[in-house]
Amino acid sequence: MKYWVPIIAFLFSACASSPFSGPNPFEYTELLLEAEDSIEGLINVSGEFGIPQKLLRQTKAIVVFPDLVKAAVIAGARIGKGVVIVRSPKTGKWNPPAFIKSSQASWGLQAGIQKAELVLLVITNRGLKQLFQTQYSLGSGPQIALGPVGRTLDLDLEKVIENNDILAYSRIQGLFAGLSFDGTIISSDRNANYEYYQQSVSNRDLLLGHKGVRVPESGQVFLERMNQLAGVAGN
């Protein structure tokens, strides 16, 4: 028993001094995995549903909230955790993921729902500009609409872009369904960025792909998979 006392004391000391004391050190790696599953699931849907690959290749940014049901309720608002990535105009590949939060009263979710996920495809510069703000509303500004589904080759991409800035894809318990965006506020999560990257970095720097950001291995794997799903060559 006497040998356990210093070991336990050491563990408590290590936890107290660790930058990860308090939050789960694997929380954001898990969030990236869930985001990847949501995007891949919305692409590889059986039948005539799913995000068209032609549209995904033209997408400028992707916003993902992989599990809105798990969102904590604070002061009457449902606070969800998500991820946003922006495509580099130079390389065509995705820049490092930035973490975000959503605030909404209910998303229109009914009691008993166990799984709800949301993916937003930003397809215009007007929609992209909004992402660089520290906080923005989905209910105002750029035009948001339910995205087209299916693998049809005759998708009129120019018409889709002309009429919309952001296309929304949502599933509730695995089935496509519309969610309410009224009163939805999305904001950057600086604490999450710091805890994951272990350095002070803003969403803007991450989305622009500024040099000097040390991307953890799990983030590199996530970006590699996103490049594959978007049909980016040379990844």
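Let us look at the structure shown here. Not measured: the values here are computed from a predicted model.

With that settled, the discussion passes to empty space enclosed by the protein. Counted under the stated rule, the structure contains one cavity of 30 Å³ or more. The volume enclosed by the largest cavity comes to roughly 30 Å³. Lining of the largest cavity is provided by Val-63, Leu-120, Val-122, Gln-130, Leu-131, Tyr-136, Leu-138, Ile-166 and Ile-186. Residue assignment for the lining of the largest cavity shows that the elements contributing at least two residues are strand 5 (116–122) and helix 4 (125–131). Considered class by class, the residues forming the lining of the largest cavity number eight nonpolar, one polar and no charged.

Counted under the stated rule, the structure contains three salt bridges. With a shortest N-O distance of 2.1 Å, Glu-27 and Lys-81 are connected by a salt bridge. Of this pair, Glu-27 sits in helix 2 (residues 27–43) while Lys-81 sits in strand 3 (residues 77–86), and the two are 54 residues apart along the sequence. By relative accessible area, which is 38% here, Lys-81 ends up partly exposed. Notably, a salt bridge pairs Asp-165 with Arg-126, separated by 2.7 Å at the nearest N-O pair. Of the two residues, Asp-165 is situated in the loop between helix 5 (157–163) and strand 8 (166–172) and Arg-126 in helix 4; the sequence distance between them amounts to 39 residues. Taking the relative accessible area as the measure of exposure, Asp-165 reaches 8% and is therefore buried. Judged by relative accessible area, Arg-126 falls into the partly exposed class, the value being 48%.

Criteria and cut-off values
Residues numbered from 1 in each chain as written. Predicted model: local features only at pLDDT ≥ 70, side-chain atom pairs only at ≥ 80, totals over all residues. Heavy atoms only, no water. 1 Å grid on protein atoms, 1.4 Å probe; cavity = no way out; pocket = protein on both sides within 12 Å on 5 of 7 lines; lining within 4 Å. Points joined across faces, edges and corners; volume = space filled by probe spheres on them. Helix = DSSP H or I, 4+ residues; strand = E, 2+ residues; numbered from the N terminus. Nonpolar A, V, L, I, M, F, W, Y, C, P; charged D, E, K, R; others polar. Salt bridge = Lys/Arg side-chain N within 4 Å of Asp/Glu carboxyl O. Buried < 20%, exposed > 50% of the residue type's maximum accessible area, 1.4 Å probe, protein only.

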